[in-house]
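Working through the structure, step by step
Take a look at the letters that make up each chain.
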Amino acid sequence: QVQLVESGGDLVQPGGSLRLSCAASGSAFSFYSMGWYRQAPGKQRELVASVISIGNTNYADSVKGRFTISRDNAKNTVYLQMSSLKPEDTAVYYCNIRVRLLGRTRIDEYWGQGTQVTVSS
């Protein structure tokens, strides 16, 4: 079992920056992919950014050039660096990981609890 703890959400003015963190702990595992999703009120949850185990990254068109996903393997943590924030970035952001637990062949998926990002003047 893996637990994810998200942090970093805040109220920020347009044009500001935030860094979200998602720390994984629990059973021994290896990462297959990591991603950040967001969901605004009245809208579907959408993929914001993802990275696969070999390091290739993918971004939603709406955040390209502004957001960067990264990971620190030593800390079992994935980050989302957000800059030039816009009001439309306001949402609850969720960390998602897909891992193989030690001794298991299946791939398991885990979600963080969500962290609120509000961009407003």
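Shown above is the structure to which this text applies.
A brief structural summary. It should be emphasised that the depicted structure is a prediction, and the values quoted were computed from it without experimental measurement.

Further remarks concern the overall build of the protein. Helix and strand counts for the protein come out as 0 helices and 11 strands. Its C-alpha atoms give the protein a radius of gyration of 14 Å, near enough to 14 Å, the size a compact globule of 121 residues would have. Taken over 121 residues, the protein has a buried fraction of 40%. Put simply, 55% of the contacts in the protein that link residues at least 6 apart link residues at least 24 apart. Here the protein displays about 6,500 Å² of accessible surface, and carbon together with sulfur accounts for 45% of that area. For the protein, the distance from the average site of its 13 positive side-chain charges to the average site of its 9 negative ones is 6 Å.

One way to say it: the disulfide is the covalent bond shared by the sulfur atoms of two cysteines. On inspection of all chains with the given rule, the structure shows 1 disulfide. Between the sulfur of Cys22 and that of Cys95 lies a disulfide, 2.2 Å long from S to S. Looking down the S-S bond of the Cys22 and Cys95 bridge, the torsion is -85°, so its handedness is left-handed. Note that Cys22 is positioned in strand E3 (residues 18-26) and Cys95 in strand E9 (residues 91-101), a separation of 73 residues in sequence. Overall, the relative accessible area of 1% leaves Cys22 in the buried class. Using a relative accessible area of 0% as the deciding quantity, one classes Cys95 as buried.

With the rule as written, the count across this model stands at 5 salt bridges. For Arg38, the salt bridge is made with Glu46, and the minimal N-O distance between the two is 2.8 Å. Residue classification places Arg38 among the buried positions, given a relative accessible area of 5%. Residue classification places Glu46 among the partly exposed positions, given a relative accessible area of 34%. Salt bridges sharing common partners tie together Arg38, Glu46, Arg66 and Asp89.

Further remarks concern the nonpolar core. In summary, soluble globular proteins display a tendency toward joint burial of nonpolar side chains. Ranked by size, the top nonpolar core spans 33 residues in total, and within it Val2, Trp36, Leu80, Met82, Tyr93 and Ile97 carry the most contacts. Those elements that provide at least two residues to this core are strand E1 (2-7), E3, strand E4 (29-39), strand E5 (46-52), strand E7 (67-72), strand E8 (77-82), E9 and strand E11 (115-119). Ranked by residue count, the leading element in this core is E9, at 6 residues. Beyond its immediate chain neighbours, meaning those up to four positions away, Met82 contacts Gly16, Ser17, Leu18, Leu20, Arg66, Phe67, Tyr93 and Val117.

For the rest of this paragraph, the subject is the packing of aromatic side chains. Inspection of the entire model under this criterion finds 2 aromatic pairs. The ring of Tyr37 carries the charged tip of Arg45 above its face, separated from the ring centre by 5.9 Å.

Another point: the environment of Tyr32. Within the secondary structure, Tyr32 is located in strand E4. Take Tyr32: its relative accessible area is 30%, and that puts it in the partly exposed class. Sequence-wise, Tyr32 and Arg100 are 68 residues apart; in three dimensions their C-alpha atoms are separated by 7.2 Å. When neighbours within four sequence positions are excluded, Tyr32 is seen to be in contact with Ile52, Ser53, Arg98, Val99, Arg100 and Ile107. A polar contact is formed between the side chain of Tyr32 and the side chain of Arg100, at a distance of 2.9 Å.

The rules behind these values
Residues numbered from 1 in each chain as written. Predicted model: local features only at pLDDT ≥ 70, side-chain atom pairs only at ≥ 80, totals over all residues. Heavy atoms only, no water. Helix = DSSP H or I, 4+ residues; strand = E, 2+ residues; numbered from the N terminus. Rg over C-alpha atoms; globule rule 2.2 N^0.38 Å. Buried < 20%, exposed > 50% of the residue type's maximum accessible area, 1.4 Å probe, protein only. Contact = heavy atoms within 4.5 Å. Areas by Shrake-Rupley, 256 points an atom, 1.4 Å probe, with all protein chains shown as cover. Lys, Arg positive; Asp, Glu negative; His and termini not counted. Charge placed at Lys NZ, Arg CZ, Asp CG, Glu CD. Disulfide = S-S within 2.5 Å. Salt bridge = Lys/Arg side-chain N within 4 Å of Asp/Glu carboxyl O. Core = buried A, V, L, I, M, F, W, Y, C linked by side-chain atoms within 4.5 Å. Phe/Tyr/Trp six-rings, centres within 6.5 Å; stacked < 30°, edge-to-face > 60°. Lys NZ or Arg CZ within 6 Å of the ring centre and 35° of its normal. Polar contact = N/O pair within 3.5 Å; in protein donor to acceptor, adjacent residues only side chain to side chain.

Shape descriptors only; they carry no functional weight alone.
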